[in-house]
Every structure is written in C-alpha cells, then in structure tokens.
Amino acid sequence: MKNKKSNLKNKTILVTGSAGFIGFHLSKRLLEEGVKIIGLDNFNNYYDPQLKESRNKILEKFDNFKLYRGDLTDLNFVKKIFQENKIDKVCHLAAQAGVRYSLINPYAYIQSNLVGFHHIIDEAKNAGIKDFIYASSSSVYGNNKKVPFSVDDRIDHPISLYAATKKSNELLAHTYHHLYDMNCTGLRFFTVYGPYGRPDMALFLFTKAILENQPIKVFNFGKMERDFTYIDDIIDGVVSSLEYSYPYEIFNLGNNQPVKLEDFIQHIENELNQKAQKEYLPIQPGDVPKTFADITSSKEKLNYQPTTPIKKGINKFMNWYKDYYKI
Ligand SMILES: NC(=O)c1ccc[n+]([C@@H]2O[C@H](COP(=O)([O-])OP(=O)(O)OC[C@H]3O[C@@H](n4cnc5c(N)ncnc54)[C@H](O)[C@@H]3O)[C@@H](O)[C@H]2O)c1
C-alpha cells in the first residue's frame, strides 16, 4: 500500500457499491484520509448480504461516511442522492458482477449494468459533476489471443453478457465525455482478491470447500490462467484515477503476472496445509482461458505499480477468512 496520502482530503466522493468488495476497501481507505464518502448499495443477495452488512458496519464507524440504501435502477432514489449532497467526484463500482451468473440471470445485468449505469452517469452530468470513474472488467478482452491484453487492443467480441455490459459502459462513458465534457476513466479490473473478498470467486470458493472437505470445481481441466490482483494494489490504482481525473481514459488494473490455476490451488493447499479434492470439468460458457494485463499506460499515467505477490496475498486472505469465520 502507498504511504503517501491522496490529494482528495477535502472532497466528497460518491462511491456506488460501497458495501461490495472493492467499494468497501476504497471507501475505507479514503475515509481514513478524511475524505467524505457518500455510499450507495442495495445489499442484494447475489452473495451473502451479511458480508455486505459487515463491511458496511466498518464504514459506518466513520463520521465522514453517509450511506444511501437503495437501487441504482430507481431513478428518483439516484436523483435524491445528487440533490441532497454536494458531490465532487463519482466512483461508480456498483454492478451485477460475475461472468457465469450472466447466463443464469441476464436481466440483472441489463438492469444494474446498463439502466443503473445510465442513471448514475446522467444524474452526475445533470448535477454538473465533471469527474466520473467507473469499473470495467478484464472480461471485455473476450477470447483475444494476443497477450498481455493492452488497452489499445480491439475488444469487439465479448463472449458473455457481463462483458458486453462492461464494454457498453465504456461506450456510454465516451459519449458523455464527448457531449458534456465529463472526465471519464474506466478501470478494467483483473480478478481482484483479498480480505473481505467475494464468496462467488475462486479463492473464496476453494478455501471454503477445502476446509469443509468438499471437492473443488477445476474448470477447463485446470488449463486456466488468471492475472490475480491484490485488493490493496487495485485500490492504489482507483485512488490515483480519482486524483488525476483524466479527460477520457481506460486503464488496465492487473498484476501483470498471470498464475496457472493448478499453481493457484497449490498455494491455497500449502497455506491451509490440506489437499484439495479436484473435480476436473470443461470450460464454462462465457469464461476465458487466460487473462494477463498490460499495465504500461497505467504505470505511466497513474503511477500504478502492483507490489503484492500471490503467495503473500493468499496468506492475507486466509488470515482474514479464518478470523472472520472463526476457524
Ligand atoms: N472483483 C473483481 O475481480 C472484478 C473484476 C472485474 C470487474 N469488477 C467490477 O468491479 C465492480 C466492483 O466489484 P466487486 O468485486 O466489489 O463486486 P461486489 O458484488 O462485491 O460489489 C458490487 C456492489 O454493488 C451492489 N449493487 C449491485 N447492483 C446494485 C444495484 N442495482 N443498486 C445498488 N447497488 C447494487 C451490490 O450489492 C454490491 O455490494 C463491479 O462493477 C464489478 O463488475 C470486479
């Protein structure tokens, strides 16, 4: 984590998805610096809402935090937040996340990621807010063969509805930048992990299953690679994006060091001192076999430099997991 404080101290920032994994860590980091955070979340049950409540409880301890509990798709609710607060910048992280679930419940993605996204960016525009940072995803690269994935690569062939909504967000942001002179930065996150991480993602699923002596699902028969990126490194990148507020940018926030799925499992086994029972399965529709971020422009323009090796990051996650679930 950077020791340097950001230049955001006297700002008021709307963080949507503040009870989510990344929104919680971002809000906490900024609250500790004295930044005023307006949080927005609907605490939906895509995964255990209790985990969202636990994160939110930590944020509620800060006097400079104010939560709005409600849904992005409720336009009056969104309008009210902008009317009641003098917001300087928006960091829009709330979304229906997850690739696989987009095949099960496509409606949730259209509602939260398209309708909801538009409500936030349009109301930000109406309120005269210039700086708009939002979450995109490494999934926009689809089945691109050239690695590492560069922000200059074409991304015209999304292979999941989730990816299609994230690419759409980038298009909408460009339009708002062009028409209304808003500063819009999209952040393509690469498989974020760490304490308070998401229960639907591999590290959490594998840890839970191994500890409960249940089999883990190893997709693509183990031939997957992910550019796992530790949450503190991601937050450094998000904070820099909020500080710089470029007119229009897309950045990759990844670790630039893909890890083979079998090696990832091995690290977890070593950490838990317990072997996994592996169930090998084909690749899931919508999933990509490999992600790998080219972070050249993020380094140049955001001073972004991930520093957490996978072993250390997994160790930090395990310490949190065992403490939180009293294992
Ligand atoms: N975690 C990752 O590895 C990763 C990778 C790529 C992109 N992203 C993107 O980053 C952002 C944050 O992801 P995360 O991992 O923190 O996910 P998360 O699911 O933990 O957080 C999202 C939060 O948004 C809230 N939310 C969802 N729909 C809402 C709605 N309609 N109204 C109000 N609140 C709503 C949820 O309750 C949740 O707390 C998302 O946009 C996600 O798509 C995450």
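Here the residue index of a chain counts from 1 through its sequence in written order. Restriction of local features to residues with pLDDT of at least 70 applies here, the model being predicted, together with a cutoff of 80 or more for giving and counting side-chain atom pairs; totals for whole chains, interfaces and linings are based on all residues. Water and hydrogen atoms were dropped before computing side-chain values, which therefore reflect all heavy atoms in the structure.

1. A short note on the overall build of the chain
Keep this limit in mind: Helix numbering and strand numbering both begin at the N terminus, where a helix is a DSSP run of H or I of at least 4 residues and a strand a DSSP run of E of at least 2. Only C-alpha atoms enter the radius of gyration, while the globule expectation follows 2.2 Å times N to the 0.38, with N the number of residues. Residue exposure (1.4 Å probe, protein chains only): buried if accessible area is under 20% of the type maximum, exposed if over 50%, otherwise partly exposed. We call two residues contacting when some pair of their heavy atoms lies within 4.5 Å. Accessible areas in this description were obtained via Shrake-Rupley with a 1.4 Å probe; residue shielding takes into account the shown protein chains only. Just so you know, the count uses Lys and Arg for positive and Asp and Glu for negative, and it drops His and the chain ends. We put the charge of a Lys on NZ, of an Arg on CZ, of an Asp on CG and of a Glu on CD.
Along the backbone of the chain there are eleven helices and 13 strands. Here the chain has a C-alpha radius of gyration of 19 Å; the compact-globule value for 327 residues is 20 Å, and the two agree. Along the longest, intermediate and shortest principal axes, the C-alpha atoms of the chain span 55 × 45 × 40 Å. When each of the 327 residues of the chain is scored for burial, the buried share is 57%. Here the contacts in the chain between residues at least 6 apart in sequence split such that 83% fall between residues at least 24 apart. Here the chain has roughly 14,400 Å² of accessible surface; of this, 50% comes from carbon and sulfur atoms. Across the chain, the 43 positively charged side chains and the 37 negatively charged ones have centroids separated by 2 Å.

2. Quick look at the site of the ligand
We apply this condition: We call a residue near a molecule or strand when any one of its heavy atoms sits within 4 Å of it. Definition of a polar contact: a pair of N or O atoms within 3.5 Å, with one able to donate and the other able to accept a hydrogen when the atoms are protein atoms, and with sequence-neighbouring residues admitted only if both atoms are side-chain atoms.
Near the ligand lie 30 residues; those nearest to it are Asp-41, Tyr-47, Tyr-162, Lys-166 and Val-192. Note that an oxygen atom of the ligand is positioned 2.8 Å from one of the backbone N or O atoms of Ile-22. Interatomic distance of 3.2 Å between a backbone N/O atom of Asn-42 and a nitrogen atom of the ligand. Notes on the ligand: free accessible area 820 Å², of which the protein chains cover 97%. Elements with a minimum of two residues in the shell around the ligand: helix H1 (21-32), strand S2 (36-41), strand S5 (131-137) and helix H6 (161-180). Per-element accounting of the shell around the ligand gives the leading share, three residues, to S5.

3. A word on the UniProt feature "domain: NAD-dependent epimerase/dehydratase" (unreviewed entry) in the chain
For clarity, the threshold we go by: UniProt positions are given in the numbering used here, feature names are shortened, and annotations may be inferred rather than shown by experiment.
Per the UniProt annotation, the sites labelled "domain: NAD-dependent epimerase/dehydratase" (unreviewed entry) are residues 13-254. Here residues 13-254 runs as 43% helix and 20% strand, with 24 Å between its end C-alpha atoms.

4. Focus: the sheet that holds S5
Cut-off, in case you're wondering: Paired strands, as defined in this entry, are two strands with at least two bridges between them according to DSSP. A fitted line through C-alpha atoms represents every axis, and for helices the fit uses only the stretch in contact; the resulting angles, taken between N-to-C directions, go from 0 to 180 degrees.
Across the sheet, seven strands lie side by side as S3-S2-S1-S4-S5-S6-S11; this open sheet has parallel pairing. At either margin of the open sheet sits one strand with a lone partner, and together these are strand S3 (65-69) and strand S11 (248-253). Here the average twist between neighbouring strands, direction ignored, is 20 degrees. Across the sheet, helix H5 (residues 106-126) touches strand S1 (12-16), S2, strand S4 (89-92), S5 and strand S6 (183-189), and the angle it forms with S5 is around 165 degrees.

5. So, the pattern of salt bridges
Cut-off, in case you're wondering: What makes a salt bridge here is a side-chain nitrogen of Lys or Arg within 4 Å of a carboxyl oxygen of Asp or Glu, nothing more.
Using the criterion set out here, one finds 19 salt bridges in the structure. Of the charged contacts, one joins Lys-80 and Glu-84 as a salt bridge, the two residues approaching to 3.7 Å between their closest N and O atoms. Remark: Glu-84 and Lys-80 occur in helix H3 (residues 75-84); sequence separation between them is four residues, near one turn of the helix. Residue classification places Glu-84 among the partly exposed positions, given a relative accessible area of 45%. A salt bridge links Lys-146 to Asp-153; the nearest nitrogen and oxygen atoms lie 2.7 Å apart. Three or more residues joined by partner-sharing salt bridges are found here, namely Arg-154, Asp-156 and Lys-167.

6. Here we look at the nonpolar core
Stated precisely, the cut-off is as follows: Residue types Ala, Val, Leu, Ile, Met, Phe, Trp, Tyr and Cys, when buried and joined through side-chain atoms within 4.5 Å, form a set referred to as a nonpolar core.
Membership of the largest hydrophobic core comes to 71 residues, with the highest contact counts inside it found for Leu-26, Phe-189 and Phe-264. Counting residues in hydrophobic clusters, the runner-up holds 24 residues, among them Ile-87, Ile-120, Phe-132 and Tyr-134.

7. Some remarks on the pairing of S1
The cut-off we apply is this: Clockwise travel from the first strand over the helix to the second, with the strands pointing away from the viewer, marks a crossover as right-handed.
For S1, the tally of buried residues reaches five of five residues, placing the bulk of the element in the interior. Covered by surrounding structure in S1 are Thr-12, Leu-14 and Thr-16 together with Ile-13 and Val-15, the residues of both alternating faces. Alignment of S1 against S2, held across five bridges, turns out to be parallel. Of the residues in S2, the one forming a bridge with Ile-13 is Ile-37. Regarding topology, H1 serves as the crossover connection from S1 to the parallel S2, and that connection is right-handed. With four bridges joining them, S1 and S4 adopt parallel strand pairing. From the neighbouring strand, Ile-13 faces S4, where its bridge partner is Lys-89.

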